[in-house]
Every structure is written in C-alpha cells, then in structure tokens.
Amino acid sequence: MTHDRARARIDTGAIAHNARVLADAAGSARLMAVVKADGYGHGGLSAARAALEGGAAALGVAAVSEHEELRAGGVEAPIQVLGPLTAGEMARVLAAGGELTLWTAEAAGQAAALGSESAPVPVHLKLDTGMGRLGARAEDTAALAEAAGDPRLRVVGLMTHFATADELDGEHAGFMREQFIRFGNLVRDIGPRFPDAATHAANSAATLRDPRTHLDMVRCGIALYGCSPFMGDPAEHGLVPAMELVTWLASIKRLRSRDSVGYGRTYRASRGTRIGLVPVGYADGYARGLSNTAEVLVGRRRVPVVGTISMDQLTIDLGPEGDEAVGDEVVLIGARGEERILAEDLGRLRGSINYEVTCAVGARVPREAV
Ligand SMILES: *Cc1c(COP(=O)(O)O)cnc(C)c1O
C-alpha cells in the first residue's frame, strides 16, 4: 500500500448490494437511503449514488449542506432534509430542489411563504409518537394539519420515528408497536386531507424486523452500510460491511519487561516484546476509550492495542517474535483470512454503537471508493 497514514476503503458495491437487500425486504414500499453525516462516515455522495443504483428511490439527509453536496454532485433523486431548518436554510433547500420536514404550524407558515399555489413547497409532516424529540405531539397534530393545508404547501409525507426499533427484547421491546399504533391513529385523523402523502416510519431496524411497519416507504441508514442495527452479525441479514479502515505499521521497537508504553504508563510490558506504532489516533476517530481493549489485524493475526491511544498514534503489542516489518498493513476495521473486526465490535468495546464508530472516522482519513 502507499503509506497514507490511514484510509477508509469504501466498497460502493457493498452499499449497492445492501440497498438491494433492503429494497427487497421493503417489498412494495419505497426505499429512502439515509446518507446524512457524510453517509455515516462512508462519503455521502458516493453512498448516495451506490444506494440509488441498488434500488433506493429517495435520499435522506440531516443538514442543508449535505443536501447541497448531493445536488452539486448531480444527484437528481428526491431528497428529504430530515432535520430542523431556519427559514434561511429552508429557502436554500428549496432552491436546490429538496423536501422539507415540518412539525410546527409556525414552520409550516415559514415554508408556505417560500412557495406559491402553482409551485407548492414539498413537505413531510413529522409526528412525535413517542420519540420525544422532533415532531408534533398528538395534541398539536390538528393545528399542524390545519397550517399544512395551505395551498402553497404540498404534503408529500406523513412520518414518525421509532425510539426502540433496535430493541428485540427487554423492557422497551413493545414500544415500537405502541408508537406504530399511535401513528396509525394520527394518520387516520389527518391523512385524508393529504392524498399525495406517503406514510413512513421504519428505520433499518424496523425494516428488517417487522414488515408491518413498512407502509409506503422505509428510511434506512445503518443497514445500507452493512452494519447491523441490532449490533449483531450483519451477515444474518445478508448485509455486507462497506467500510474497511486500514493503516500501516510505521515503527517497531523492542521493550524490556516492565517498560511502559504511552501517556500515563497505562501498559507495562510483562515480558520483553516488540511494540508496533500505528499512525492513527483519536483525532482520526479511533476512540481513546479503546486503549488497552481493542485489537487490530496484522497479517492475519489479531494483535492487542496497548497503552493509551494518543491523538495521532496508537501502539500495539506484536509479541516477542514474528516477521512483521515496517510498512506492513494494519487493519482496524475489516476482515483478513479467518479474522475480522466489525464496527459492531469496536462500538461495543467503546461503550457505544456501530453508528458512532463509522461516523467518527475523521476528515483526515481519506475515503477511497473501491
Ligand atoms: C437517521 C434517520 C434514519 C435512519 O436510521 P437507521 O437506524 O440508521 O436506519 C431514519 N429516519 C430518520 C428520521 C433519521 O433521522
């Protein structure tokens, strides 16, 4: 390999494959590929193109800048901006041909002011059925529907978002069902006023778990990238991980027994050993919380991360003997031979989820589409 510090190899074919898997699972429902946060760290534009090739009918982003990046890249598919926007940002989304998400009468008024009866503004109405975050509460739904009846708006979607779709058992496992029932009741109340509106609720977890939630469209993010929304093995759902994070062995040195490695001396060699230096640190998204817990692949061998992870570097214990050499490939996420390290593994080790692992991969790490 050429010695970049590190690179994230993105298998766009895997993204297209995963989109196909999800589109198949969705049956007659359309697939919205969620490519916010730079495609969960995979590169927003290339992820969007691959997902569309794999059968996605629409795209979802969180920010106005993400929408503009896709349009600048020539993407013509419908794009919904899922997040909250200022009036100025709404105007920018509409100028670039996007769809808005609204949940207050006030925002509906702002959006309507940007449209006309001959060119109504496409909007999705978001209903809060239990997420407690964005969305109109049940008692505010009638006022929202009233405001959204403005002829300068065209309601193209009625949506909600699940809080616990990823919880297959435990205390909250039944809450998705309850949210779904609440959503159904709200749609029954206001739906007839909006005949052009597609109903949508399911994220990746709901899409894979319960076909009853598919409605007219599903909104999938994490599964598109080949990660399991349940933190299990993506292969169980036919998903293929799309990101490989690779770097190189930049230095090898011998340490004696009791010598320490790195800040705070959190690791002491229990025997004479060889310590390898890898030029990736927490500034690249390899969390400091992985210090002394994670493993990497060198050749086809699992090797422990030892010592405190620094901003730009981490250290691994290669053991007393071996034929590793400076310049060898080191795999932080990916598979070699029988061994693999998934984003799910690193998520668990850092007390988080796979979503955060791929999103965290820093801007300093070039994405290379393969
Ligand atoms: C991010 C997001 C999704 C995608 O969720 P995944 O769990 O990644 O599939 C769907 N809907 C909304 C509103 C989102 O913000």
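Conventions we followed
Residue positions are counted from 1 within each chain, in the order its sequence is given. Totals for whole chains, interfaces and linings use every residue, but because this is a predicted model, local features are given only for residues with pLDDT of at least 70 and side-chain atom pairs only at 80 or more, for both listing and counting. Think of the side-chain values as coming from all heavy atoms in the structure, minus any hydrogens and water. Runs of E in the DSSP output that reach at least two residues are strands. Runs of H or I that reach at least four are helices, and both are numbered from the N terminus. Residue exposure (1.4 Å probe, protein chains only): buried if accessible area is under 20% of the type maximum, exposed if over 50%, otherwise partly exposed. Contacts are residue-level and defined by heavy atoms, with any inter-residue pair within 4.5 Å sufficient. Lines are fitted to the C-alpha atoms to define the axes, a helix being fitted only along its stretch in contact, and any angle between axes, read from their N-to-C directions, falls within 0 to 180 degrees. Here is the rule for angles: anything less than 35 degrees is roughly parallel, anything more than 145 is roughly antiparallel, 65 through 115 is roughly perpendicular, and the remaining ranges are oblique. By definition, any crossing whose near helix is turned counterclockwise from its far helix by less than a right angle is left-handed, and any crossing with a clockwise turn is right-handed. Classification convention: Asp, Glu, Lys, Arg as charged; Ala, Val, Leu, Ile, Met, Phe, Trp, Tyr, Cys, Pro as nonpolar; all other residues, Gly among them, as polar. Should DSSP find at least two bridges between two strands, the strands are taken to pair. Paired rings are identified among Phe, Tyr and Trp, the last through its six-membered ring, by centres lying within 6.5 Å, and are further divided according to the angle between planes into stacked (under 30 degrees), edge-to-face (over 60) and tilted (the rest). Here a residue is considered near a molecule or strand provided that any single heavy atom belonging to it is located within 4 Å of it. Here a polar contact is taken to be a pair of N or O atoms separated by no more than 3.5 Å, where protein atoms must pair a possible hydrogen donor with a possible acceptor and residues adjacent in sequence count only if both atoms sit in side chains. All accessible areas in this document rest on Shrake-Rupley with a 1.4 Å probe, and a residue is counted as covered only by the protein chains that are shown. What is meant by a nonpolar core is a set of buried Ala, Val, Leu, Ile, Met, Phe, Trp, Tyr and Cys residues, joined one to another through side-chain atoms within 4.5 Å. Source of the domain bounds: an automatic or database domain assignment. By arc we mean the arc of the directions from the helix axis to the C-beta atoms, nothing more. When a carboxyl oxygen of Asp or Glu lies within 4 Å of a side-chain nitrogen of Lys or Arg, that pair is called a salt bridge. Buried surface area refers to the total accessible area, computed with a probe of radius 1.4 Å, that the two partners give up upon joining, counted for both partners together.

**Student:** What's the story with the environment of Ala343 in this structure? I'm lost.
**Tutor:** Looking at where Ala343 falls in the secondary structure, it is placed in helix α10 (residues 343-349). With a relative accessible area of 6%, Ala343 lands in the buried category. When residues no more than four places from it in sequence are discounted, the contact partners of Ala343 are Cys227, Ile333, Asn354, Val357 and Thr358.

**Student:** I'm lost on the packing of helix α4 (residues 64-72) against helix α5 (residues 87-95) in this one. Help?
**Tutor:** Two packed helices can be described by the angle between their axes and the distance between those axes. Between α4 and α5, the least distance of the axes is 10 Å, while the angle of their chain directions is 15 degrees. When the axes of α4 and α5 are compared, the pair comes out roughly parallel. The chirality of how α4 crosses α5 is left-handed. Within the contact between the two elements, α4 uses Val64, His67 and Glu68 and α5 uses Glu89, Arg92 and Val93. For the contact of α4 with α5, the residue count by class is two nonpolar, one polar and three charged.

**Student:** Quick question: what am I supposed to make of the pairing of strand β15 (residues 295-298) here?
**Tutor:** Consecutive side chains of a regular strand alternate in pointing toward one face of the sheet and then the other. In terms of strand pairing, β15 meets strand β16 (residues 301-306) through four bridges, oriented antiparallel. Each residue of the ladder has a partner; that of Val298, found in β16, is Arg301. Here β15 hands over to β16 after two residues, with Gly299 in that stretch at a positive phi of 65 degrees.

**Student:** Sorry, what's going on with the pairing of strand β17 (residues 314-319) here?
**Tutor:** The element β17 is extensively covered by neighbouring structure, given that six of its six residues are classed as buried. Pairing of strand β14 (residues 273-278) with β17 involves five bridges; the strand directions are antiparallel. Residue pairing in the sheet places Val278 in a bridge with Leu314 of β17. As paired strands, β16 and β17 are joined by two bridges and run antiparallel to one another. Pairing of Val305 across the sheet is with Ile316, part of β17.

**Student:** Could you clarify how one ought to interpret the packing of aromatic side chains in this entry?
**Tutor:** When we look at a pair of aromatic rings, we describe it by the centre distance and by the angle of the planes. This structure, assessed with the given rule, holds two aromatic pairs. Following the ring pairs from residue to residue traces out a cluster consisting of Tyr40, Tyr225 and Tyr355.

**Student:** Could you clarify how one ought to interpret the site of the ligand in this entry?
**Tutor:** Around the ligand there are 13 residues in total, and Lys36, Tyr40, Ser204, Arg219 and Tyr355 lie nearest to it. In the model, an oxygen atom of the ligand is placed 2.9 Å from a nitrogen or oxygen of the Gly221 main chain. For the ligand, an oxygen atom lies 2.6 Å from a polar atom in the side chain of Tyr355. Summarising the interface, the protein chains cover 92% of the accessible area of the ligand, which totals 390 Å² for the free molecule. For the shell around the ligand, the elements supplying multiple residues, two or more each, are α2 (36-40) and β9 (217-220). Classifying every residue of the shell around the ligand gives six nonpolar, four polar and three charged.

**Student:** It is not clear to me how the nonpolar core should be interpreted in this structure. Could you clarify?
**Tutor:** As a rule of thumb, soluble globular proteins bury nonpolar side chains together. Of all hydrophobic cores here, the largest spans 109 residues; its most connected members are Tyr286 and Ile316. Broken down by element, this core gets its largest block of residues, seven residues, from helix α1 (residues 12-26). Taken together, domain 1 (12-232) and domain 2 (243-369) each give at least three residues to this core, which thus spans both. For Ile316, the residues in contact, after removing those within four places along its chain, are Leu249, Arg274, Ile275, Gly276, Val278, Val296, Val298, Val303, Pro304, Val305 and Val306. With five residues, the next largest nonpolar core counts Leu255, Val261, Ile275 and Val306 among its residues.

**Student:** I keep staring at α4 and nothing clicks. Help me out?
**Tutor:** Three or four residues apart is the spacing at which side chains of an α-helix point the same way, because the helix has 3.6 residues per turn. Every buried residue of α4 is accounted for by Val64, Glu66, His67, Leu70 and Arg71. Seen along its axis, α4 keeps its buried residues to an arc of 160 degrees; they face one direction. Against α2, α3 (44-53), β3 (58-61), β4 (79-81) and α5 lie the buried residues of α4. Taken from the residues just after α4, Gly74 is the one with a positive phi, measuring 90 degrees.

**Student:** What exactly am I supposed to notice about the pattern of salt bridges here?
**Tutor:** Should the charged atoms of two oppositely charged side chains come close, the side chains can pair. Taken as a whole and judged by the stated rule, the model has 25 salt bridges. A salt bridge links Asp128 to Arg137, with the shortest nitrogen-to-oxygen separation between them at 2.8 Å. Its relative accessible area of 6% is what places Asp128 among the buried residues. What makes Arg137 partly exposed here is its relative accessible area of 39%. One salt bridge in this structure joins Asp210 and Arg212, with 3.0 Å as the shortest N-O distance. Owing to a relative accessible area of 53%, Arg212 belongs among the exposed residues under this scheme. Here the residues in one salt-bridge network are Asp4, Arg7, Arg9, Glu244, Glu329, Arg336 and Glu368, joined through shared partners.

**Student:** Hey, could you run me through the domain arrangement of the protein chain in this one?
**Tutor:** Often, the extent of an interface is quoted as the loss of accessible area upon association of its parts. Partitioning the protein chain into structural domains gives domain 1 (12-232) and domain 2 (243-369). Here domain 1 and domain 2 have C-alpha centroids that lie 37 Å from each other. On the side of domain 2, 13 residues touch domain 1, which itself brings 12 residues to the contact. Carbon and sulfur atoms supply 61% of the area that domain 1 and domain 2 bury against each other, a total of about 1100 Å² over both sides. For the pair domain 1 and domain 2, the interface holds zero salt bridges.

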